[in-house]
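Here is what each chain is made of, one letter per residue.
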There are 2 protein chains.
Amino acid sequence: MSHRVINFYAGPAGLPLEPLKRAQDELLDFAGTGMSVMEISHRAKEYDAVHGEALSLVRELLGLPANFKVLLLQGGAHLSFAMIPLNLLQSGRKADYVLTGNWAEKAFKEAKLVGGDNVRAAASTKDVKFARLPKAGEYAWNSDAAYVHFTSNNTVEGTQFKEFPPTDKPLICDMSSDIMWRPFDVSKFGLIYAGAQKNLGPSGVTVVIIRDDILEMCEAQDLPSYLRFKIHAEKNSLYNTPPCFGVYILRNVLAYNKSIGGLSAIEANNRKKGELLYGCIDRHPGFFKPFVIENADRSFMNVDFFLPTEELTDMFVKEAKKNGMVGLKGYRDIGGIRVSTYNAVTVDNVATLTAFMEDFVKKNG
Amino acid sequence: MSHRVINFYAGPAGLPLEPLKRAQDELLDFAGTGMSVMEISHRAKEYDAVHGEALSLVRELLGLPANFKVLLLQGGAHLSFAMIPLNLLQSGRKADYVLTGNWAEKAFKEAKLVGGDNVRAAASTKDVKFARLPKAGEYAWNSDAAYVHFTSNNTVEGTQFKEFPPTDKPLICDMSSDIMWRPFDVSKFGLIYAGAQKNLGPSGVTVVIIRDDILEMCEAQDLPSYLRFKIHAEKNSLYNTPPCFGVYILRNVLAYNKSIGGLSAIEANNRKKGELLYGCIDRHPGFFKPFVIENADRSFMNVDFFLPTEELTDMFVKEAKKNGMVGLKGYRDIGGIRVSTYNAVTVDNVATLTAFMEDFVKKNG
């Protein structure tokens, strides 16, 4: 029996045990082939079955209508930051970006490298260090925007959109850190992208979901082929060799997620986790100080808070580690504690943490 | 004990057993962390050790001088096809491409999308279906080329450069299918890139080796960040989340390659494998017809040959599979048989195949 810790890393992050065990069991002999899934041609029928199942499970779990394509790419959110404007901001098209944190700013900066002044900030909460999301009246939309880009969950700051930005334009969303945390209506989205390494699988796989009308806008013929969404869509994400092992783990995780009841069951767990964690924080307002200043904006995926002193923060991280809990140190620009509670973190895991927190307050509060 | 076959796939391809076993053993608990290597932050010291070791092993096995940087990227050779001209063909720079096969043509086509007429073909053997390499007198070099691009091993056609193209320009090489097949002098190379999935590890990791003076030419400030070699070099390939599990397997494979004696030992094995396989083919010129028409150009990594009829070809593939050997079907555009004998294929594996071939000739010749 392997020693396992409780993993609160922000990404790459913990994965459910069952999909990993499945990978371990068949690491040398996958599907009776006598080969690892890493060793099989991406054109072989055994890999093709995994690839197809991963794509189908994304569709099924998200309830995607027929007018969406699913792509499995590489390069993480960073390469998507570039591919989106490269594909969509041809012919002088313009876009609005919603700036709600570190990652949203990166997406904006990369888009501006491609689109220059055609890429505009429609809202920003930088004045409050991104400690809340924009309110309904704070968006300055441009009527000529071809799309509106936003970041559904702000990993660094710990805010999360429960309702999506109020616009009729196609939404393009970096959903890396909260995709599949709950069911949601995808019909307003033109494109969703997510690095797998938070809620879906290992790093090295990017899931891109793109609506047919947005795909049709990607007409750039002079773009290098790897950067063209259309080519990947036409080739069923087998234009070039995919990251086969990553796709395989993604398939394992999604199959597991389906087996435990899909996104409704996952949402119920995530809400319980949030109640436990925020409940504990709010019971001790003199000891745990949340970074996020609007309760409605609090994230169910990343929870940032401060302790009274640096010394107590260090002690918290160290003692948690002694108690089998890792990954709690806050992001470098913010400090304090960050608890990342992605889908693979269980209600029990969070209960263990909150019991530790209560105990920590008792001893040090 | 797992059932294992002899794997002659062209890529993704077989890996040595030891690195895979190591991965299997610690898949749920890596380096005493209580986590899979897939589940650890790429900023954690345990991952950093793997990342650093992978980079060091590339340096050590290839004997890289201090003026080369090693990068671990994503997107495979296809994304490198684009990144090279995007980074290097700024300011009206020009380049010469050597066309020796399917993959070399792809690299050329992608470069032309970026550089247009500034990207020229300096040689091509397409008139003989790429069944040989250009001879010394057949190169039409342009004196204004900033670099010369070539493909060291032509996976589809089965040719391989033993001596590199005769030019004083910096060589840029797609070495995806024969990197580390033997020791070689890297000093003439400005940039080498290789998708890992043939000789190095799983798909989803691209190794890029870049000389400092070539890196200095990459001044494009307006390129999206993920596409800039310079940013990856400055950030030690941790600009964004790397494909951690792929890097880990790469590390395991390279550590194993070092343990068995490094590239000299690997070359000795590869030469024995070639002698066995080409020896068998040449003993039966009426039965096995090689695709490559110049013996000096024959590849030690991919061996293409035809049998007298389609029926015999199908029978060969089927009977080989019954005998535990897979991946022998020829590439779709060429047909026949392709035997890929990358580093992980042992001399014994090839001896098993040639014994089967001798037997096959006896029964059907």
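Quick notes on the rules
- Residues numbered from 1 in each chain as written.
- Chains lettered and ligands numbered in written order.
- Predicted model: local features only at pLDDT ≥ 70, side-chain atom pairs only at ≥ 80, totals over all residues.
- Heavy atoms only, no water.
- Helix = DSSP H or I, 4+ residues; strand = E, 2+ residues; numbered from the N terminus.
- Rg over C-alpha atoms; globule rule 2.2 N^0.38 Å.
- Buried < 20%, exposed > 50% of the residue type's maximum accessible area, 1.4 Å probe, protein only.
- pLDDT = per-residue confidence, 0-100.
- Contact = heavy atoms within 4.5 Å.
- Buried area = accessible area lost by both parts, 1.4 Å probe.
- Salt bridge = Lys/Arg side-chain N within 4 Å of Asp/Glu carboxyl O.
- Least-squares fit on C-alpha atoms with pLDDT ≥ 70 in both.
- Expected span 1.5 Å × (residues − 1).

If you tally the helices and strands in chain A, you get ten helices and 14 strands. Taken over the C-alpha trace, chain A has a radius of gyration of 21 Å; the compact-globule value for 365 residues is 21 Å, and the two agree within 12%. Taking the principal axes of its C-alpha atoms as reference, chain A extends roughly 65 × 55 × 30 Å. Counting across all 365 residues of chain A, residues that qualify as buried make up 65%.

We now examine the confidence of the model for chain A. Across chain A, the average pLDDT comes to 97, with 100% of residues at 70 or higher. Both confidence scores are given for the complex: pTM 0.98, ipTM 0.98.

Every contact between the two is made by 64 residues of chain B and, on the other side, 64 residues of chain A. For the pairing of chain B and chain A, the buried interface totals around 5000 Å² over both sides, and the portion due to carbon and sulfur atoms is 59%. Per-residue buried area on chain B facing chain A is highest for Leu28, Met38 and Glu39 of chain B; these three make up 15% of the total on that side. The tally of links from chain B across to chain A stands at two salt bridges. A salt bridge links Arg4 of chain B to Glu39 of chain A; the nearest nitrogen and oxygen atoms lie 2.7 Å apart. Elements with a minimum of two residues in the side of chain B that touches chain A: helix H1 (17–25), helix H3 (76–88), helix H4 (102–115) and helix H7 (244–259) of chain B. No other element matches H1 of chain B, which puts six residues into the side of chain B that touches chain A.

Once chain B has been moved 0.0 Å along the axis and rotated by 180 degrees, it coincides with chain A to within an RMSD of 0.0 Å. Both chain copies can therefore be described as sitting about a two-fold axis. Closest approach to the rotation axis among the C-alpha atoms of chain B is made by Gln24 of chain B, whose C-alpha sits 2.7 Å away. Counting the interface residues of chain B, we find that 98% of their copies in chain A are interface residues as well, pointing to one common contact surface.

So, about H3 of chain B. Its 13 residues place the ends of H3 of chain B 18 Å apart at the C-alpha level, agreeing with the 18 Å of an ideal helix rising 1.5 Å per residue. In terms of burial, H3 of chain B is a largely internal element, 13 of the 13 residues being buried.

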